[in-house]
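# Tertiary structure, described
Listed here are the chains, written in short residue letters.
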Amino acid sequence: MRIQGGNATVYVSDLDRAIDFYTVTLGLELRLKASDHWAEVGAADSLLIGLHKVAPESAGPGGSSIRIGLHVEGKLEEAMTELSAQGIGFGDVVEDGGPVRLAYFNDPDGNPLYLWEFVAIHTPP
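These figures come from a predicted structure and were not determined experimentally.

### A few points about the overall build of the chain
When helices and strands are tallied, the chain shows 2 helices and 8 strands. In the chain, the succession of α and β elements from N to C terminus is β-α-β-β-β-β-α-β-β-β. Counting only residues that meet the buried cut, the chain has 33% of its 125 residues in that class. Counting only carbon and sulfur atoms, one obtains 54% of the accessible surface of the chain, whose full area is about 7700 Å².

Structure follows, in structure tokens:
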């Protein structure tokens, strides 16, 4: 398994308000906005923050509002198998038909993390 990069994902209730805070107030650069549910802001090549719009009650496993996402090279299941052999437990792979697949897990202190891989976007014929 090789980790290619990653990001911290911040779950927000109002994407436009969050973009304004991170870009105008903090001075970070808006790098990507995908519809009304995802945006990426960053500084130089050393920081990437993903902003993901969700309802506050659905912040995700563990109820945390921040997660670290690790982009893996190759298939998600290969990385999960390798890490499972080292004692890491995973839930089900999350697929919603979008461009990524996710696998959630926790560090030894219970902090939520996830692995992700890009997949082809399926469009109806």
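### Focus on the packing of aromatic side chains
Tallied over the entire structure, the rule returns 4 aromatic pairs. Between the aromatic rings of Phe21 and Tyr22, the centroid separation amounts to 5.1 Å while the plane-to-plane angle is 90 degrees, which identifies the pairing as edge-to-face.

### Comments concerning the sheet that holds strand 5 (residues 66-72)
Spatial strand order, 2-3-4-1-5-8-7-6: 8 strands in an open sheet with mixed pairing. Edge positions in the sheet fall to strand 2 (29-34) and strand 6 (94-95), since each has one partner strand and no second. Pairing geometry for strand 7 (residues 100-106) and strand 8 (residues 112-118), over 7 bridges, is antiparallel. Residue pairing across strands places Tyr104 opposite Tyr114, the latter belonging to strand 8.

### Quick look at helix 1 (residues 15-25)
Leu15, Ala18, Ile19, Tyr22 and Thr23 are the residues of helix 1 that are buried. The buried residues of helix 1 all sit within an arc of 110 degrees when viewed along its axis, so they share a single face. Counted as exposed and oriented over 90 degrees from the buried face of helix 1: Asp16, Arg17, Val24 and Thr25. Buried residues along helix 1 sit against strand 1 (3-12), strand 2, strand 3 (38-43) and strand 4 (47-53). Between the side-chain oxygen at the start of helix 1 and the backbone nitrogen of Asp16 there is a gap of 3.2 Å, and the oxygen is on Asp14. Just beyond helix 1, the residue with positive phi is Gly27, at close to 80 degrees.

### What about the pairing of strand 1?
In this structure, strand 1 lies alongside strand 5, joined through 7 bridges in antiparallel fashion. The residue bridging Ile3 from the neighbouring strand is Val72, located in strand 5. As judged from the 5 bridges shared by strand 1 and strand 4, these two strands associate in the parallel manner. Across the sheet, residue Thr9 finds its bridge partner in strand 4, namely Gly50.

### Let's talk about the confidence of the model for the chain
When pLDDT is averaged across the chain, the result is 84; 88% of the residues are at 70 or more. Per-element mean pLDDT across the chain ranges from 86 in strand 5 up to 94 in strand 2.

Basis of the calculations
- Residues numbered from 1 in each chain as written.
- Predicted model: local features only at pLDDT ≥ 70, side-chain atom pairs only at ≥ 80, totals over all residues.
- Heavy atoms only, no water.
- Helix = DSSP H or I, 4+ residues; strand = E, 2+ residues; numbered from the N terminus.
- Buried < 20%, exposed > 50% of the residue type's maximum accessible area, 1.4 Å probe, protein only.
- Areas by Shrake-Rupley, 256 points an atom, 1.4 Å probe, with all protein chains shown as cover.
- Phe/Tyr/Trp six-rings, centres within 6.5 Å; stacked < 30°, edge-to-face > 60°.
- Pairing = 2+ DSSP bridges.
- Arc of directions from axis to C-beta.
- Contact = heavy atoms within 4.5 Å.
- Polar contact = N/O pair within 3.5 Å; in protein donor to acceptor, adjacent residues only side chain to side chain.
- pLDDT = per-residue confidence, 0-100.

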